[in-house]
Amino acid sequence: MSDSAQGTTDAVTESQVAQYERDGFIVVPNLFSEQEAAQWKEALKARVAELNKLEEPSGVCVMMPEMMDPYTSAKVQDAKIVGILEQLIGPNVEFLSVKAVFKNAKTSFNSPWHHDWAYWLGSNKISIWIALDDADPDNGCMRMAPGSHKQVADMQKVEDRTGFGNRISEDALQGQTIETLPVRRGDAIFFHDLTLHASCPNTSGRDRWCAIATYRDASQKDSSTVWRSSIVLSGESVNS
Ligand SMILES: O=C(O)CCC(=O)C(=O)O
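Residues numbered from 1 in each chain as written. Predicted model: local features only at pLDDT ≥ 70, side-chain atom pairs only at ≥ 80, totals over all residues. Heavy atoms only, no water.

Novice: Is there a simple way to think about the overall build of the protein chain in this case?
Specialist: What the protein chain contains, in helices and strands, is five helices and 12 strands. Considered along the principal axes of its C-alpha atoms, the protein chain spans approximately 40 × 40 × 35 Å. Put simply, the protein chain has 240 residues, and 52% of those count as buried. Across the protein chain, every contact between residues at least 6 apart in sequence was considered, and the portion connecting residues at least 24 apart equals 83%. (Helix = DSSP H or I, 4+ residues; strand = E, 2+ residues; numbered from the N terminus. Buried < 20%, exposed > 50% of the residue type's maximum accessible area, 1.4 Å probe, protein only. Contact = heavy atoms within 4.5 Å.)

Novice: Quick question: what am I supposed to make of empty space enclosed by the protein here?
Specialist: Left-over empty space is what a probe sized like a water molecule reveals as it rolls over the atoms. With the rule as written, the count across this model stands at one cavity of 30 Å³ or more. Considered as a void within the structure, the largest cavity measures approximately 120 Å³ in volume. His114, Met142, Phe164, His197 and Ile212 are, among the 15 residues lining the largest cavity, the residues nearest its centre. The set of elements that each furnish at least two residues to the lining of the largest cavity consists of strand E3 (93-103), strand E10 (197-199) and strand E11 (208-217). Of the residues assigned to the lining of the largest cavity, the class counts are eight nonpolar, four polar and three charged. (1 Å grid on protein atoms, 1.4 Å probe; cavity = no way out; pocket = protein on both sides within 12 Å on 5 of 7 lines; lining within 4 Å. Points joined across faces, edges and corners; volume = space filled by probe spheres on them. Nonpolar A, V, L, I, M, F, W, Y, C, P; charged D, E, K, R; others polar.)

Novice: Before we go on, may I ask you to explain the side chain of Lys125 in this structure?
Specialist: With respect to the helices, strands and loops of the structure, Lys125 is situated in strand E4 (residues 125-131). A polar atom in the side chain of Lys125 sits 2.5 Å from the backbone oxygen of Ser123. When near neighbours in sequence (up to four residues on either side) are disregarded, Lys125 contacts Leu96, Trp120, Phe191, His192, Asp193, Thr214, Tyr215, Arg216, Asp222, Ser224 and Trp227. (Polar contact = N/O pair within 3.5 Å; in protein donor to acceptor, adjacent residues only side chain to side chain.)

Novice: Mind showing me how you'd approach the site of the ligand here?
Specialist: Surrounding the ligand, one finds 14 residues, the nearest of these being Lys99, Ser111, His114, Ser199 and Arg208. Measuring from an oxygen atom of the ligand, one finds a side-chain N or O atom of Trp129 at 3.0 Å. In the complex, 100% of the free accessible area of the ligand, which totals 290 Å², lies under the protein chains. The cavity where the ligand resides is the largest cavity. (Near = heavy atom within 4 Å. Areas by Shrake-Rupley, 256 points an atom, 1.4 Å probe, with all protein chains shown as cover. Sits in = over half its atoms within 2 Å of the grid points.)

Novice: Before we go on, may I ask you to explain the confidence of the model for the protein chain in this structure?
Specialist: Any segment with low pLDDT has predicted coordinates that should not be analysed in fine detail. Looking at the protein chain as a whole, the pLDDT averages 93, with 95% of positions reaching at least 70. Low pLDDT, under 50, characterises residues 1-6; the predicted model gives this stretch 11 contacts beyond four residues in sequence or across chains. (pLDDT = per-residue confidence, 0-100.)

Novice: Sorry, what's going on with the layout of surface pockets here?
Specialist: Of the voids in this model, the second largest pocket is the one considered here, and its volume is about 170 Å³. Residue lining of the second largest pocket: Lys45, Leu54, Glu55, Glu56, Pro57, Asn104, Lys106, Thr107, Asp207 and Trp209, and that is the complete set. Split by residue class, the lining of the second largest pocket holds three nonpolar, two polar and five charged.

Novice: Can you walk me through helix H2 (residues 34-50) in this structure?
Specialist: One turn of an α-helix holds 3.6 residues; hence residues three or four places apart share an orientation. The end-to-end C-alpha distance of H2 is 24 Å, a good match for the 24 Å that 17 residues give at a rise of 1.5 Å each. Every buried residue belonging to H2 is among Glu36, Ala37, Trp40, Lys41, Leu44, Arg47 and Val48, and all of these are buried. Taken down its axis, H2 places every buried residue within 140° of arc, on the same side. In H2, those exposed residues whose orientation departs by more than 90 degrees from the buried face are Gln35 and Glu50. Looking at the buried residues of H2, the elements they touch are strand E2 (60-63), helix H3 (70-76), helix H4 (79-89), E3, E4 and E11. Taken from the residues just after H2, Asn52 is the one with a positive phi, measuring 60°. (Expected span 1.5 Å × (residues − 1). Arc of directions from axis to C-beta.)

Novice: Whenever I open this one, the nonpolar core confuses me. Can you help?
Specialist: Side chains of a nonpolar character, in soluble globular proteins, are inclined to be buried together. Membership of the largest hydrophobic core comes to 34 residues, with the highest contact counts inside it found for Phe190 and Tyr215. The residues contacting Tyr215, other than those within four sequence positions of it, are Val76, Ile81, Leu85, Val93, Glu94, Phe95, Leu96, Lys125, Ile126, Ile128 and Leu233. With 17 residues, the next largest nonpolar core counts Val60, Met144, Phe191 and Cys200 among its residues. (Core = buried A, V, L, I, M, F, W, Y, C linked by side-chain atoms within 4.5 Å.)

This is the structure:
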């Protein structure tokens, strides 16, 4: 792994690429500096407020490309992200959308176990969960089930205030290894859309903001109807 002048990461090692293929996720420390993460949180929070979503009970605000503030737009297209995605999914990289997920004293529930593919179907995607606050088991850090992306886990539909309508039961995780992933602000978790994941509840009263940006391999035809716009970041897209 090499580090840029700002002390941030601009490539992953071959063993991290193999780990992504094996586990369906990797943690990349220092993708962005603490200062960049702090600045991103302020910009994202301001845009979430403009969109009247700060009081959203789910704590989730999805932004299509045209809805992003300029700082978020620059960050999701950052060359470091594109370079790592080229290593993980190949030379054709297309950005689809980003969401702010915010847990705090009011929005304290955990995100239930699920995979993201159930929400969009079509070709497989990759998302990056970027910590905009330090995250630990007390304020809602992520949990991942390594290797779960090798099959499509059945999901149940439920209606509740969390906005996470698709989930698997905790029983379905019996026997599955679970990793709990404390991270520092600026760290990132790259994960496959079939990887089962959840977050811990935020019992701390502290903020836990993240940005989750989603991309696809633009060389694969995608039958998903979720996205009407996208940004091709490298190579060419067969979808736009
Ligand atoms: O940040 C979180 O609490 C989990 C978010 C999540 O799992 C998702 O948006 O798919």
